[in-house]
Amino acid sequence: MAIPFMKSLQSRIFILFISLLLCVQMMSFFSTYQAKQKSETVQLNNKIETAKQVFETQFDNRNYYLSAFAETAAKDYGLKTVFSEDRKSFLLALNNHRKRISADLAIAIKPDGEISGQLITYMKNKQIKVKIGPEQGQQFSNLELFTQTQTAELYYLDSKIYQLSLAPLKSGSRVIGWIGFGYIINQDLANKLAKLTGVNVSFLLKDPDLPTSKKIINSNSINKITYESKFIHAINSGKNDNYIISHFKLGEIDKTSLTALLFQSKVSVLKKIHDDWQQFLIIFMLEIILSLFGAYLISASITRPIKQLIHQIKYIGLGKYDQDITINASQELTQLANEFNQMKDAVVAREQLIRHQAYHDSITNLPNRNYLVERLSKLQNKQQNFIILQLNIRRIKEINDTLGHQVGDKVIVEFSNRLKLFDCNDELFHLGADEFVLISQKQDIKKTISQLSISLDSLFNHENLNLHLQYSIGIAKYPEHNSENIADLLKKTDIALQYAKKHNRIYQIYDRQFDFNTLERLHLINSLKTAIEQSQLVLHYQPKVSLASMKISHVEALVRWEHPINGLIPPDSFISIAEQTGQMDALTRWVTKEAIRQYLAWQKRNINIKIAINISAENLKDKSYSDYVIALKNDNNIADNEITLEVTEDAVLSDPAKATEILTYLKSHGFKLSIDDYGTGYSSLAQLKQLPVQELKIDKSFVQHLMQNTDDQIIVRSTIELAHNMGLSVVAEGIEDERTLLWLKEHHCELAQGYFISRPIPAKLFQTWLKECTYTTAKEGK
Amino acid sequence: MINKFFLINFLFFNTQAFANNITIKVMDSKQSKVEGVIVYLTPENNTLNHALTKHPLIIFQKNKKFTPYIAVLQKGQEINFKNQDDVTHHIYSASGENRFDFKIKAGEQNKSTVITTSGEVAMGCNIHDWMSGYVLAVDTPYFDQTNSQGLSIFKHIPPGSYKLTIWHPQLETQKNEFTKKVEIHNNYHFKVILPKPLLPIPAQQNQDEFDFLEGY
């Protein structure tokens, strides 16, 4: 289902739109998302940066405040005077100063480094109390660091970190001691700074060489998350990407350094983006739905005219050209519709032309065979009687070959013009080349033909060359010659035409007899091979009378085909097929083998009759048949001149040299050779003389009417004389009466053959016939 | 310790003058003469009767400065502060045993201060922070301050063992002093080379621009 859907233009446009819109949406969505994220990150970075600045300012302010105050306090004369007096007075004075700036630590140091006073604050019952520090009376470590710098330094006392600033207590310019004030760095500070900066604040007191911190002070988390020290370290080292950090060193205590760490989780930013994202998504979905709807409308509006177009084109495709394509659409589609209309008109025009060409001949512009076939169908429906005349201009090929095709075409056109003028009631068709057909309602064929002759027989003058238009006509009648298919009528006229041409007649009316040679030939061609293989063939034997002794001395083996369906088929019908389909050699061999078998069978029964076998031109082309028949003769020890091979003049004439060679070869192996059907061919005596034959067989056409035709008598008599003079014996065939037989005997013809003596009869009947006939045989003892 | 780290040369001048006149020349390591350092000799055997210097030490307050910046006196000697400025000063000494303070108005003087304990008196003015002056009280009548040639000359010093002390607030040594035992029998000329150079003497000058005061 998916693929046809995808193939639809509407779907494609729809999908294209949707894809584009989706892409744009996605891009805008992600760019917004990214920009948002980026801007939030920048904001966060800015926040951290601002926080850092605020933090530094705050921290520096404390430093400055401490150092400025220590400086001021050190110059206080009251304090100065009590510094060297009793400790109690001094500590009270020192605390008095401490209170002024709410310092968490106050300290006084003698020039030798001894801490003469140390006050630290602590919380008791939510009230700030002051107590003597644990280092009072001890040496102040690292005094140099504090005295050399004006700013506050970090001071580690009692596990607490202080910012401490010392100022010299002077008598004149003589330093008589140091006083200092400090602020504690504790969670309160971290919280205060966190509140000010808006980010998490941590202080890490850490030896750089150690992984863990000596002390960590964290502000209360903004997110109320309690940060583990491990976690703080990860953030500090930058290993946690979820936090934006800023860290900087505040100072050192011994070897450890105090680092301030400002950090803000990105999670809070991402959460904000996530909240916005849902809003985005809703807008996005709404846009998608609108896009889908819009894309559907657009694709539908684009494809609607196309669908209309397709619908109308389909209509035209069915061959309905009556309607023009009209659509109300874009310029391009309208143009397309116009193009289609033009194409349609062109198609209509071309179709008419093609139809005309399909139904008319290009030379004469007469209706052609297709038209004729249609016409015949119509006529058939009218139940009218009519005749079909198929005309063929003869020797048009010769005109083409000698005078050129242009002249040939002129002749055809002239012929057609004459036919057109013949009778306007008749319908004229030009089947192509030199073939025409007339359909006429006239029933008198002879009269029609004679009228046609008047129209056609005048000479055709071409460049002072008078051409006589010769033609043959085949005729079929309707309904007399109708068969199932009306088109068969044309076949029938064609068969009649071929017959007319063959027999040099002007016209021939169809006869069923003609069909055999045409239609059933085809079946025979196919079945002849099986006929030879399956012994459907039989040999009939026609006896020859030796006129001198009036004995039956010879037989001629004649092949017959007992077709299982068609019955007995005469040799004239299938021998020509065998010749044309190259089966002649096989047929002759079969005949030869069968005849020799019969000869030997008779010999066994002491029926001493020589046998004659017809061979064809095929057998004279090379020695293969000769070797075959020689081998048969030798294998069966047949005496010389027992077997006569009859060959027609035509067979020899096709290749006289080769034929002479083969015949000589056969003769040398003891075969008697006879020229069959002598007198029908065109062979000259001179040619005959060259042939190594011993016998002439006068064609039956000279013999059949011998008694009635004196010309035939002259021909036969002179032929016999001539043959005898050349040393040839003579056989006459076609003897149909006794007088002819006697005439021939009188004129010394050697052998006689014909229906008067016997028809060709099967071998079985032949023996019976021999016993019953009036002739004696060469059989010994009779 | 000092001997170990610093080279000190006592050069004996070949003189045939009468006994017990001592000349001490103070130089720094760069052979430059050092002016204004306190030089005093304290007898080892403190059986000698130290005659008290009768006249008071006068220290002026002029141009909001202590003048001289550095001075020496014998224990028990009084100091006479004389204010030559047109403003009041509040003179004090806040360290050691010799603590005192008083206000002294313009053009007046104060004679009440008697230094009874030997040692350094670091003075300041509580009104003018930059003012600074030193007085060293010694327990011997043999004291002097080097002149512009870096020389201190002592006359009629009885023979005996003495501790020679050179003191200056800007001498960066223990207690800002440099001591050596000396035997005095004849006239001697000493040359003392200080182990460390003197730090610059702080200018007694207001660092702020109180120009407006000039109009008063």
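Residues numbered from 1 in each chain as written. Chains lettered and ligands numbered in written order. Predicted model: local features only at pLDDT ≥ 70, side-chain atom pairs only at ≥ 80, totals over all residues. Heavy atoms only, no water.

What follows is about the overall build of chain B. The secondary structure content of chain B amounts to one helix and 16 strands. Across the 216 residues of chain B, 45% fall into the buried class. Across chain B, every contact between residues at least 6 apart in sequence was considered, and the portion connecting residues at least 24 apart equals 65%. Here chain B has roughly 11,600 Å² of accessible surface; of this, 50% comes from carbon and sulfur atoms. (Helix = DSSP H or I, 4+ residues; strand = E, 2+ residues; numbered from the N terminus. Buried < 20%, exposed > 50% of the residue type's maximum accessible area, 1.4 Å probe, protein only. Contact = heavy atoms within 4.5 Å. Areas by Shrake-Rupley, 256 points an atom, 1.4 Å probe, with all protein chains shown as cover.)

To continue, consider the packing of aromatic side chains. Residue and element names in this part refer to chain A. All chains considered together, the criterion is met by 24 aromatic pairs over all chains. A centroid spacing of 6.3 Å and a plane angle of 85° characterise the contact between Phe14 and Tyr296, whose relative ring orientation is edge-to-face. Residue Phe14 is located in helix H2 (residues 9–74), and its partner Tyr296 is located in helix H8 (residues 267–317); the two are separated by 282 residues in the primary sequence. Of the residues examined, Tyr296 reaches a relative accessible area of 46% and is grouped as partly exposed. Arranged with centres 5.0 Å apart and planes meeting at 65°, the rings of Phe69 and Phe181 form a pair that is edge-to-face. Of this pair, Phe69 sits in helix H2 while Phe181 sits in strand S6 (residues 174–185), and the two are 112 residues apart along the sequence. Comparing Phe69 with Phe181 shows no difference in burial state: the two are buried. Grouped by ring-pair contacts, the aromatic residues Phe55, Phe59, Phe203 and Phe248 constitute a single cluster. Of note, Arg589 hangs over the ring of Tyr628, and the distance from its end group to the ring centre comes to 4.9 Å. (Phe/Tyr/Trp six-rings, centres within 6.5 Å; stacked < 30°, edge-to-face > 60°. Lys NZ or Arg CZ within 6 Å of the ring centre and 35° of its normal.)

All names here are of chain B. Averaged over all residues, the pLDDT of chain B equals 81, while 84% of them reach at least 70. Predicted confidence is poor over residues 1–19, with pLDDT under 50, and the contacts of this stretch with residues over four places away or in other chains come to 27 contacts. Here the prediction assigns the complex a pTM of 0.48, and the interface score ipTM is 0.77. (pLDDT = per-residue confidence, 0-100.)

Here we take up the nonpolar core. Residues and elements named next belong to chain A. Of all hydrophobic cores here, the largest spans 78 residues; its most connected members are Leu744 and Phe766. Element by element, the count of residues in this core is highest for helix H17 (residues 584–604), at eight residues. The residues touching Leu744, leaving out its near neighbours within four places in the chain, are Leu547, Val703, Leu706, Val716, Ile720, Ala732, Ile735 and Cys749. (Core = buried A, V, L, I, M, F, W, Y, C linked by side-chain atoms within 4.5 Å.)

A separate point is helix H10 (residues 369–382) of chain A. Note: α-helices contain 3.6 residues per turn, so residues at a spacing of three or four share the same orientation. End to end, H10 of chain A covers 20 Å across 14 residues, agreeing with the expected 20 Å (1.5 Å per residue, within 8%). Two residues or fewer after H10 of chain A comes Gln383 of chain A, characterised by a positive phi angle close to 55°. (Expected span 1.5 Å × (residues − 1).)

Looking now at the interface of chain A and chain B. Of the residues lining the interface, eleven residues belong to chain A; the matching set on chain B comes to 22 residues. Of the roughly 1,200 Å² buried between chain A and chain B, counting both surfaces, carbon and sulfur atoms make up 43%. For the pair chain A and chain B, the interface holds two salt bridges. Residues Arg174 of chain A and Glu120 of chain B are paired through a salt bridge, measuring 2.8 Å at the closest nitrogen-oxygen approach. Going through the elements one at a time, helix H3 (77–83), strand S5 (160–171) and S6 of chain A are the ones with two or more residues in the side of chain A that touches chain B. The residue makeup of the side of chain A that touches chain B, split by class, is two nonpolar, four polar and five charged. (Buried area = accessible area lost by both parts, 1.4 Å probe. Salt bridge = Lys/Arg side-chain N within 4 Å of Asp/Glu carboxyl O. Nonpolar A, V, L, I, M, F, W, Y, C, P; charged D, E, K, R; others polar.)

With that settled, consider the pairing of strand S13 (residues 151–154) of chain B. All names here are of chain B. Because side chains alternate across S13, one face comprises the buried residues Ser152 and Phe154, and the other comprises Leu151 and Ile153, none of which is buried. Here strand S1 (residues 22–27) runs beside S13; their pairing, made up of four bridges, is antiparallel. Across the sheet, residue Ile24 finds its bridge partner in S13, namely Ser152. (Pairing = 2+ DSSP bridges.)

Quick look at the pattern of salt bridges now. Residues and elements named next belong to chain A. On inspection of all chains with the given rule, the structure shows 18 salt bridges over all chains. Measuring nitrogen to oxygen at the nearest pair gives 2.9 Å for the salt bridge that ties Lys544 to Glu646. Here Glu646 lies in strand S22 (residues 643–648) and Lys544 lies in strand S18 (residues 537–546), a separation of 102 residues in the sequence. On the basis of relative accessibility, which here comes to 1%, the residue Lys544 falls in the buried class. Judged by relative accessible area, which is 0%, Glu646 ranks as buried. Residue Lys633 pairs with Asp640 through a salt bridge whose shortest N-O separation is 2.7 Å. On the accessibility criterion, Lys633 (5% relative accessible area) is buried.

What follows covers the sheet that holds strand S15 (residues 177–184) of chain B. All names here are of chain B. Within the open sheet, the four strands sit side by side as S12-S2-S14-S15. Their pairing is antiparallel. Strand pairing shows two members of the sheet lacking a second neighbour, strand S12 (142–145) and S15, which therefore form its edges. Geometrically, the sheet is characterised by an average inter-axis angle of 20° between neighbouring strands, direction not taken into account. Looking at chain direction, strand S2 (residues 38–43) and strand S14 (residues 160–167) are connected through six bridges and run antiparallel. Bridge pairing in S14 links Pro43 to Tyr162. (Axes fitted to C-alpha atoms, helices over the stretch in contact; angles between N-to-C directions.)

Before going further, it helps to spend a moment on the pairing of strand S8 (residues 100–104) of chain B. What you see with S8 of chain B is a clean split: Phe100, Phe102 and Ile104 of chain B sit on the buried side and Asp101 and Lys103 of chain B on the side with no burial. Linking two consecutive strands that pair antiparallel, namely strand S7 (residues 89–93) of chain B and S8 of chain B, is a turn of six residues; a positive phi of about 70° is found at Gly96 of chain B within it.

Residue and element names in this part refer to chain A. Locating Glu649 in the fold gives a position in helix H19 (residues 649–653). The charged side chain of Glu649 is buried without a salt bridge, its nearest counter-charge being Lys697 at 13 Å. Within the structure, the side chain of Glu649 is placed 3.0 Å from the backbone nitrogen of Gly679, a separation counted as a polar contact. (Lys, Arg positive; Asp, Glu negative; His and termini not counted. Polar contact = N/O pair within 3.5 Å; in protein donor to acceptor, adjacent residues only side chain to side chain.)

Quick look at the sheet that holds strand S4 (residues 65–67) of chain B now. Sheet strands line up and pair through hydrogen bonds in the backbone, either parallel or antiparallel. Residue and element names in this part refer to chain B. Strand order in the open sheet made by the four strands is S4-S3-S6-S9, with mixed pairing throughout. Sheet topology places S4 and strand S9 (109–114) at the edges, where each strand pairs with a single neighbour. The average undirected angle you get between the axes of adjacent strands in this sheet is 25°. Direction of pairing for strand S3 (residues 57–62) relative to strand S6 (residues 78–83): parallel, over a ladder of five bridges. By the bridge assignment for S6, Ile59 is matched with Phe81.

On the secondary structure map, Asn95 of chain A appears in helix H4 (residues 87–100). Considered as a pair, Asn95 of chain A and Leu105 of chain A are ten residues apart in the sequence and their alpha carbons are 9.2 Å apart.

Residues and elements named next belong to chain A. Contact geometry for helix H12 (residues 405–422) and helix H13 (residues 445–456): axes closest at 9 Å, N-to-C directions at 130°. When the interaxial angle is binned, H12 and H13 end up oblique. As for the relative orientation of H12 and H13, their crossing is right-handed in sense. Residues Phe415, Arg418, Leu419 and Phe422 of H12 lie in contact with H13, whose contacting residues are Thr448, Gln451, Leu452, Ser455 and Leu456. Of the residues contributing to the contact of H12 with H13, the split by class is five nonpolar, three polar and one charged. (Parallel < 35°, antiparallel > 145°, perpendicular 65-115°, else oblique. Left-handed = near helix turned anticlockwise from the far one by under 90°.)

Among the structural elements, Leu145 of chain A can be located in helix H5 (residues 143–148). Separated by 21 residues in sequence, Leu145 of chain A and Leu166 of chain A have C-alpha atoms that sit 9.9 Å apart.

Now for unusual backbone geometry. Cis geometry is adopted by the peptide bond preceding Pro68 of chain B, which originates at Thr67 of chain B and carries an omega value of 0°. One can find Pro68 of chain B in the loop between S4 and strand S5 (70–74). Positive phi values are uncommon outside glycine, yet Asp158 of chain A reaches one of about 55°. For Asp158 of chain A, the location among the structural elements is in the loop between strand S4 (153–157) and S5. One non-glycine residue, Lys64 of chain B, lies in positive phi territory at about 55°. Topologically, Lys64 of chain B is positioned in the loop between S3 and S4.

As a further point, take H17 of chain A. Helix length check: H17 of chain A (21 residues) gives 30 Å between terminal C-alpha atoms against 30 Å at 1.5 Å per residue, within 8%. Every buried residue of H17 of chain A is listed here: Met584, Asp585, Leu587, Thr588, Trp590, Val591, Thr592, Ala595, Ile596, Gln598, Tyr599 and Trp602 of chain A.

Turning our attention to the environment of Glu97 of chain B. Residues and elements named next belong to chain B. The residue Glu97 is located in the loop between S7 and S8 in this model. The exposure class assigned to Glu97 is exposed, which follows from its relative accessible area of 66%. When the C-alpha positions of Glu97 and Glu120 are compared, they lie 9.1 Å apart, and in sequence the two are 23 residues distant.

Right, let's talk about a nonpolar patch on the surface for a bit. A cluster of nonpolar side chains, Leu22, Met26 and Phe30 of chain A, forms an exposed patch at the surface whose accessible area comes to about 260 Å². Summarising the element assignment, Leu22 of chain A is placed in helix H2. (Patch = residues over 30% accessible without salt bridge, like charges linked within 9 Å, V, L, I, M, F, W, Y side chains within 5 Å.)

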